[in-house]
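Summary of the model geometry
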Amino acid sequence: MSLPLDTLLDGDCVETMARLPAGSVDLVFADPPYNLQLGGDLLRPNASRVAGVEEEWDRFADFAAYDAFTRAWAEAARRVLKPDGALWVIGSYHNIHRVGAILQDLGFWLLNDIVWRKTNPMPNFKGTRFTNAHETLLWCARSAESRPTFNYAAMKTLNDDLQMRSDWMLPLCVGPERLKTDGRKTHPTQKPESLLYRVILATTRPGEVILDPFFGTGTTGAAAIRLGRHYIGCERDPDYIAAARARLAGVTPVEDPALLITPSRRSEPRIPFGAVLEAGLLRPGDTLHGGRRGAIEATIAADGSLCHGDQRGSIHKIGAAAQGVASCNGWTFWHYRDEAGQWQPIDALRERIRATAKGRD
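Reading the values: the criteria
Residues numbered from 1 in each chain as written. Predicted model: local features only at pLDDT ≥ 70, side-chain atom pairs only at ≥ 80, totals over all residues. Heavy atoms only, no water. Pairing = 2+ DSSP bridges. Helix = DSSP H or I, 4+ residues; strand = E, 2+ residues; numbered from the N terminus. Axes fitted to C-alpha atoms, helices over the stretch in contact; angles between N-to-C directions. Contact = heavy atoms within 4.5 Å. Buried < 20%, exposed > 50% of the residue type's maximum accessible area, 1.4 Å probe, protein only. Polar contact = N/O pair within 3.5 Å; in protein donor to acceptor, adjacent residues only side chain to side chain. Disulfide = S-S within 2.5 Å. Arc of directions from axis to C-beta. Parallel < 35°, antiparallel > 145°, perpendicular 65-115°, else oblique. Left-handed = near helix turned anticlockwise from the far one by under 90°. Nonpolar A, V, L, I, M, F, W, Y, C, P; charged D, E, K, R; others polar. Salt bridge = Lys/Arg side-chain N within 4 Å of Asp/Glu carboxyl O.

Describing the sheet that holds strand β14 (residues 311-313)
Pairing within the open sheet is antiparallel, and its six strands lie in the order β14-β13-β12-β11-β15-β16. What marks the edges here is a single partner per strand, and that holds for β14 and β16 (343-345). On average, each strand axis in the sheet is tilted by 35° relative to the strand beside it, whichever way the strands run. Bridge analysis of strand β15 (residues 334-337) against β16 gives three bridges, and the strand direction is antiparallel. By the bridge assignment for β16, histidine 335 is matched with proline 345. Of the strands in this sheet, β12 (296-300), β13 (306-308), β14 and β15 are in contact with helix α9 (residues 315-323), which crosses β14 at around 145°.

Pasting the structure below:
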């Protein structure tokens, strides 16, 4: 059976996934019912009623019933994942701990738990608990032997060149993005597209296949299309299906595939510090400054080594020795003054050489 790419499949997710080939999808993103166990109306201080999750699909007889439901969809999801595939699942304190234990029992390997910190959470109107301002996402490999995709460079670039942390500050789905029917929310728990954008950009490659067993109004599909990935959605509610199909019809992909890939430094040709001297960008006898205040100095030798006191070695070795640490990235530690008199890391000179080489190609 060929995969029904970019298709919303109508029906129960467990039955639908059972019809897909084993080992056929790269990523599963699951936003299952949370089993919120609501016991009455929630009112604002002005006595107006808060529209919560009242749908039948979020009601379970007891924890045992919810656990059986979780095990069924998780087993089905694991079967369709490729050996190096991965699963994301999102939940709240009501369900995520039970889900996590079941996933581990099934053989999934936990990679991260991500805290989605909502920048605009709903207040705790009764004042009886802390404001519930976050949800948790679990990122799991199919097994301990799996080697799932992680686009580290893309996440670092997305985060202003800082390592992406496991706490993500993103707003709830509001405004024009929130789908409505007759003035009411089409889906009570629609996730913001920014959340799925980050998940998909981080853990898939262009052209790969993402399966969402609880497709709802199609947020996963919308983010997948924008990022040049394929999606398969499972949904059984006819109103959600209609809303998702209408939504996805208006989403267009990026035209230039090259814009979907973040170049990795590791894939670029190695450029030694000596090449900076050969290019005449720095000269033997010039002084480099290290540290935030430039208090550490070293002199450049003709062979590209640095001299600091009675020590001599590579930009990395001398950078580490001068700081009294085990290792150092000399490209970012050492600085020089540019033509405008501004301090710049010597890595800027390496990038200049790379850019020149690409121009020749």
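Continuing now.
Quick notes on the sheet that holds strand β4 (residues 109-118)
Spatial strand order, β1-β10-β9-β2-β3-β5-β4-β6: eight strands in an open sheet with mixed pairing. Unpaired on one side and paired on the other, β1 (7-10) and β6 (167-170) mark the two borders of the sheet. Mean inter-strand twist for the sheet, computed between neighbouring axes without regard to direction, equals 20°. As judged from the four bridges shared by β4 and β6, these two strands associate in the parallel manner.

Overview of the side chain of histidine 187
Take histidine 187: it is sitting in the loop between β8 (184-185) and α5 (193-203). Accessibility expressed as a relative area gives 10% for histidine 187, which makes it buried. Reaching out from histidine 187, the side chain makes a polar contact with the backbone nitrogen of threonine 189 at a distance of 3.1 Å. In contact with histidine 187, other than residues within four places in its own chain, are Trp57, Arg178, Gly216, Thr217 and Tyr240.

Points about the state of the cysteines
Evaluation of the coordinates by the stated rule reveals zero disulfides. Between cysteine 307, a cysteine without a disulfide, and cysteine 328, which holds the nearest cysteine sulfur, the sulfur-to-sulfur distance is 16 Å. Classification of cysteine 307 by relative accessible area gives partly exposed; the value is 27%.

As for the environment of tryptophan 139
Tracing the backbone shows tryptophan 139 in strand β5 (residues 134-141). It is 9.3 Å that separates the C-alpha atoms of tryptophan 139 and valine 199, two residues lying 60 residues apart in sequence.

Section: unusual backbone geometry
Positive phi, close to 55°, is recorded for aspartate 6, a residue that is not glycine. Its location among the elements puts aspartate 6 in the segment before β1. A residue is classified by how much of its surface remains accessible, and aspartate 6, at 36% relative accessible area, is partly exposed. Even without being a glycine, aspartate 182 presents a positive backbone phi close to 55°. Inspection of the secondary structure puts aspartate 182 in the loop between β7 (180-181) and β8.

Considering helix α7 (residues 238-248)
Along α7, the residues that are buried comprise Tyr240, Ile241, Ala243, Ala244, Arg247 and Leu248. Angular distribution of buried residues about the axis of α7 spans 170°; they occupy a single face of the element. Exposed and oriented more than 90 degrees from the buried face of α7 are Pro238, Asp239 and Ala246. Where α7 is buried, its residues touch β1, α5, α6 (219-226) and β10 (230-235).

What about the packing of helix α2 (residues 63-80) against helix α3 (residues 96-106)?
With their axes 10 Å apart at the nearest point, α2 and α3 run at an angle of 45° to one another. Compared by their axis directions, α2 and α3 come out oblique. Between α2 and α3 lies a crossing of right-handed hand. Contacts between α2 and α3 involve Phe63, Tyr66, Asp67, Thr70, Arg71, Ala74, Glu75 and Arg78 from the former and Arg98, Val99, Ile102, Leu103, Asp105 and Leu106 from the latter. Grouping the constituent residues of the contact of α2 with α3 by class yields seven nonpolar, one polar and six charged.

Some words on the pattern of salt bridges
By the definition in use, this model includes 14 salt bridges. Between arginine 236 and aspartate 12 there is a salt bridge, and its shortest N-O distance comes to 3.8 Å. Of this pair, arginine 236 sits in the loop between β10 and α7 while aspartate 12 sits in the loop between β1 and α1 (13-18); the two residues are 224 residues apart in sequence, bridging distant segments of the chain. Put simply, glutamate 56 and arginine 59 hold a salt bridge, and the shortest N to O gap is 3.2 Å. By relative accessible area, which is 57% here, glutamate 56 ends up exposed. Look at arginine 59 and you get exposed, because its relative accessible area is 52%. Three or more residues are tied together by salt bridges with common partners; here these are Arg117, Arg165 and Asp167.

Remarks on the packing of α5 against α6
For the pair α5 and α6, interaxial distance at closest approach is 9 Å and the crossing angle is 55°. The orientation of α5 relative to α6 falls into the category oblique. By crossing handedness, the relation of α5 to α6 is classed as right-handed. Judged by residue contacts, Glu193, Leu196, Tyr197 and Ile200 of α5 engage Thr219, Thr220, Ala222, Ala223, Ala224 and Arg226 from α6. Classifying every residue of the contact of α5 with α6 gives six nonpolar, two polar and two charged.

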